[in-house]
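Observations on the model geometry
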Amino acid sequence: MATTDRYVPAAGHAALTRFYDPAMALTMREGAWRPALRDRVLDALPPDGTVIDVRAGTGTFAIALASANPDATVIAVDGDDDALRLAKDKPAADLAGWRQGLADALPLEDGCADAVVMSLLLHHLEPGGKRAALNEARRVLRPEGRLHIADWGKPHGALLRAGFLLLQLLDGFPNTRDHAAGRLPAFIEAAGFDEVTTWRRLRTPWGSFELTSARRGGA
């Protein structure tokens, strides 16, 4: 992450990491979006392509990708040792590769990936950190590579606004303000991506959750 951002573990606090998976399953409607995101990533992937899961947390999504396409190379990156230990203990964890690293300094070569996934990452970062993470995603993607983001969008309606306000109180206002205003697509475009498309929105207790994909533009 950028130097102006503090590192935030998957569950917000290191002591809560072991509760991350149950909390996600209970409040985030995982069954409604994780399979759809997995299929979106893999449908656009070459048969033996490479996917980078940035801030992979406890590895649930990285393992799902690798299990669905054993011919793909799936690399999960996270800065939290505790989360990575939990991930490596899960069934089928050996199908993916695991690396410690941060979103603004990925331990990967330029142009090594066909797809980059950022799930519930960007709302933890202040504007400078969002830009740095998106620039890193573009750096590691090959030309025409795809970026896939699952994160919070602008809440519509009183209930969603109230839920997102509670999330902002927990996670912070400087890093979530742009999400509340619906400015995340503009950040993605500014980092050199085109065909930015928000293709699914879900109502959750925490607000409006959006799935967005984009193509790496330029040479």
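Relevant structure appears above.
Overview of the structure. None of these values were measured; they are calculated from a predicted model.

1. Overview of the pairing of strand β4 (residues 113-119)
- With seven of seven residues buried, β4 lies mostly within the body of the structure.
- Where strand β1 (residues 50-54) lies against β4, four bridges are found, and the strand directions are parallel. Looking at the pairing, valine 54 lines up with methionine 118 of β4.
- As paired strands, β4 and strand β5 (residues 141-152) are joined by six bridges and run parallel to one another. Residue pairing across strands places methionine 118 opposite isoleucine 149, the latter belonging to β5.
- A crossover links β4 with its parallel partner β5, the connecting element being helix α5 (residues 127-140), and its sense is right-handed.

2. Considerations on the nonpolar core
- Ranked by size, the top nonpolar core spans 30 residues in total, and within it Trp33, Leu37, Val41, Val51, Leu65, Trp98 and Phe209 carry the most contacts.
- Within the residue set of this core, elements represented by two or more residues are α2 (30-43), α3 (60-68), β2 (73-78), α4 (81-88), β4, β5, α6 (158-171) and β7 (207-216).
- What valine 41 contacts, discounting residues up to four positions off in sequence, is Val51, Leu65, Ala115, Val117 and His148.
- Residues Ala113, Leu121, Phe187 and Phe193 belong to the second largest nonpolar core, which totals 27 residues.

3. Section: the packing of aromatic side chains
- If you walk through the whole model with that rule in mind, you get three aromatic pairs.
- Grouping aromatic residues by their ring pairs yields a cluster made of Trp33, Trp152, Phe164 and Phe209.

Calculation criteria
In this numbering scheme, every chain counts its residues from 1 along its sequence in written order. Since the coordinates come from a predicted model, pLDDT governs what is reported: local features require at least 70, and pairs of side-chain atoms require 80 or more to be given and counted, while whole-chain, interface and lining totals use all residues. Processing note: side-chain calculations cover all non-hydrogen atoms of the structure and skip hydrogens and water entirely. Relative accessible area decides the class of each residue, using a 1.4 Å probe on protein chains only: under 20% of the type maximum gives buried, over 50% gives exposed, and in between gives partly exposed. Runs of E in the DSSP output that reach at least two residues are strands. Runs of H or I that reach at least four are helices, and both are numbered from the N terminus. By the convention used here, strands pair only if DSSP detects at least 2 bridges between them. By convention, orient the strands away from the viewer: a clockwise path from the first strand over the helix to the second makes the crossover right-handed. What makes a nonpolar core is a set of buried Ala, Val, Leu, Ile, Met, Phe, Trp, Tyr and Cys residues whose side-chain atoms join them at distances within 4.5 Å. Contacts: residue pairs with any heavy atoms within 4.5 Å of one another. A pair of Phe, Tyr and Trp rings is counted when the ring centres sit within 6.5 Å of each other, with Trp represented by its six-membered ring. The angle between the planes then sorts it: under 30 degrees is stacked, over 60 is edge-to-face, the rest tilted.

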